[in-house]
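# Descriptive analysis of the structure
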Amino acid sequence: MSRDSTAVTSRDDASVRDAMLAAVPSLRAFAISLSANVDRADDLVQETLLRAWANLDSFEPGTNMSAWLFTILRNLFRSEYRKRRREVPDSDGAYADSMKTQPEQASKVEFEEFREALGKLPPDQREALVLVGASGFSYEEAAEICGCAVGTIKSRVNRARTRLAELLAIESIEDLGPDRELRAVFTAGGS
C-alpha cells in the first residue's frame, strides 16, 4: 500500500502528517505552475495544508491524500483568482486615495457657517465676491456686470475676503479644509 493511500483516521496518526509532508514538493511545483510566482505558490501550499488540516475529518480514509490536497490547492487558487480578477492593483495606495470622499458632516456645518458669514457682508462686497470667487468671473467681467471700475471690484473682493476670514476665524488657507468651493471663494484670482 502506498503512502498516499494509507488509511487516515485522526490528526494524531503519524501517517497523516507523513502523507501531507510527502505531498509538499509536488504541491509546490503545481502551485508554481498555476501562479507563476514562487512566493505566491508557497502561500498557496501553506494555505492548502492549513485547510486540509482543519478539514481532515472530510478526508476519506483509503483514498489518495495527494489527490485530495491537489484538489484543495486548485480550488483555493481558482477562488483567489476570481477574487483578484475583480481587484485593482494598487500597491502604493494611489488608486485608493483617488477613491476617497471626505465626510459630509463637517462640510455641511462649514457650509452653513460660511453661508451665515456671507450673509453678514454688505451686498456690494458679497456680490463682487460671489462673481469673482464662486462664479469664476474675471475682475474685468465682474466690473462690467456690476457697472463699476475694475479697481472697485478688486477692493470689494479683498474687503469681503478679509471680513469673511475674520467672521470664520480663518488664519490661513489650510483652515479651509478640503472643500473646493470654499477654497475658490478665498483664493480665486479673478484675472
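As annotated in an unreviewed UniProt entry, the protein chain carries the name RNA polymerase sigma factor and is attributed to Rhodoplanes azumiensis. According to the UniProt record, the Sequence similarities (unreviewed entry) comment for the protein chain reads "Belongs to the sigma-70 factor family. ECF subfamily."

## Considerations on the overall build of the protein chain
Each helix and strand counted, the protein chain has 9 helices and 0 strands in total. Ordered by position from N to C terminus, the α and β elements of the protein chain give α-α-α-α-α-α-α-α-α. Looking at the protein chain as a whole, 29% of its 191 residues are labelled buried. Of the accessible surface of the protein chain, which amounts to about 12,300 Å², a share of 51% is contributed by carbon and sulfur atoms.

## Some points on the pattern of salt bridges
Counted by the stated rule, this structure contains 8 salt bridges. The partner of E112 in a salt bridge is R115, with the nearest N and O atoms 2.5 Å apart. Of this pair, E112 and R115 both sit in helix α5 (residues 104-119), separated by 3 residues, roughly a single helical turn. Here E112 falls in the partly exposed class, since its relative accessible area comes to 32%. Judged by its relative accessible area of 46%, R115 is partly exposed. Taking the shortest distance from any N to any O, the salt bridge between R156 and D124 comes out at 3.5 Å. Of this pair, R156 sits in helix α8 (residues 150-167) while D124 sits in helix α6 (residues 123-134), and the two are 32 residues apart along the sequence. Connected through shared salt-bridge partners, R40, D43 and E80 make up one network.

## Quick notes on the environment of L34
For L34, the location among the structural elements is in helix α1 (residues 14-35). On the basis of relative accessibility, which here comes to 27%, the residue L34 falls in the partly exposed class. Residues L34 and R74 lie 40 residues apart in sequence; the distance between their C-alpha atoms is 8.4 Å.

## Observations concerning the environment of F114
As for its placement among the helices and strands, F114 is situated in helix α5. For F114, a relative accessible area of 9% puts it in the buried group. When the C-alpha positions of F114 and L167 are compared, they lie 8.8 Å apart, and in sequence the two are 53 residues distant.

Rules and cut-offs
Residues numbered from 1 in each chain as written. Predicted model: local features only at pLDDT ≥ 70, side-chain atom pairs only at ≥ 80, totals over all residues. Heavy atoms only, no water. UniProt positions renumbered as here; feature names shortened; annotations may be inferred. Helix = DSSP H or I, 4+ residues; strand = E, 2+ residues; numbered from the N terminus. Buried < 20%, exposed > 50% of the residue type's maximum accessible area, 1.4 Å probe, protein only. Areas by Shrake-Rupley, 256 points an atom, 1.4 Å probe, with all protein chains shown as cover. Salt bridge = Lys/Arg side-chain N within 4 Å of Asp/Glu carboxyl O.

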